[in-house]
Amino acid sequence: MANKTNTIQGLNLADNFLFRKVMSDTEICRMVLEKILNIPIKKVEFPVTRKTTDIAHDGVGVRLDACINDEQDTIYSVEILCCGDEELLRKTRYFQCNIDSGIILPGEESTKLKKSYIIFICTFDPFSDGRHLYTFENRCLENLSLTLGDETTEIFLSTNGKKDDVDDEMKDFLAYIENSTDTCVQQTSSPLVNAIHKRATEIKLDKKMELQYMTLLQMQGGI
């Protein structure tokens, strides 16, 4: 777990449980994606059947947390990561494989594949370059202006960024990930952070959610 707490009230958004519950709100999810990608997203929706894969060894469960289809037929996978490991970069490859295998069956036309974004929100700097935002796509090493055009993108956000590479609202959002408190919210005018905090507070006050969290802790040996 991201937070050393036995109560749902003590969780930060960096905790997988709270992150998933908040991101299950389609409007908040739309706002987060719109902020990260810096493109307008009219609407998001969660597929009725969601392909889920547990590729972790830490017991946190489902990793393809938020596969969302927008009206441009794009798939997004959003994941919160609280510790780095040498498998991180290969996980992006594994995620992409699972996304694609969930769209087409062996022998089917590759034209059915959809544009996809794999997004990791990290509470550490995955590349030690001091950035808040790292965006990757396949390019030709001999001519970096030439892209492969396979329509896959991997994005890493870091709460530990030091450079002035994103706007203030993005910095406030990343700060809130690890400090999901009233005090943090009072220091920002961000509509995104305020919307997330409102939903997070509702979840923490929901007795059913509290029971779910306590059950999860028991299953993981946390209490």
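This is a predicted model, so every value here is computed, not measured.

A. Spotlight on the pairing of strand β7 (residues 152–158). The buried count for β7 comes to 7 of 7 residues, which makes it a mostly enclosed element. Residue alternation in β7 divides its side chains into two sets, Thr152, Glu154, Phe156 and Ser158 and Thr153, Ile155 and Leu157, and both sets are buried. Inspection of the sheet shows strand β3 (residues 115–122) paired to β7 by 7 bridges, in the parallel sense. By the bridge assignment for β7, Ser116 is matched with Thr152.

B. The arrangement of the packing of aromatic side chains in detail. One pass over the structure, following the stated rule, counts 8 aromatic pairs. Considering the side-chain rings of Tyr76 and Tyr117, the 5.4 Å spacing of their centres and the 15° angle between planes classify their relative orientation as stacked. Here Tyr117 lies in strand β3 and Tyr76 lies in strand β2 (residues 74–81), a separation of 41 residues in the sequence. With a relative accessible area of 1%, Tyr76 lands in the buried category. Note on Tyr117: relative accessible area 12%, which makes it buried. Residues Phe120 and Phe156 carry aromatic rings whose centres are separated by 5.4 Å and whose planes lie at 25° to one another, so their mutual orientation is stacked.

Reading guide: rules and limits
Residues numbered from 1 in each chain as written. Predicted model: local features only at pLDDT ≥ 70, side-chain atom pairs only at ≥ 80, totals over all residues. Heavy atoms only, no water. Buried < 20%, exposed > 50% of the residue type's maximum accessible area, 1.4 Å probe, protein only. Helix = DSSP H or I, 4+ residues; strand = E, 2+ residues; numbered from the N terminus. Pairing = 2+ DSSP bridges. Phe/Tyr/Trp six-rings, centres within 6.5 Å; stacked < 30°, edge-to-face > 60°.

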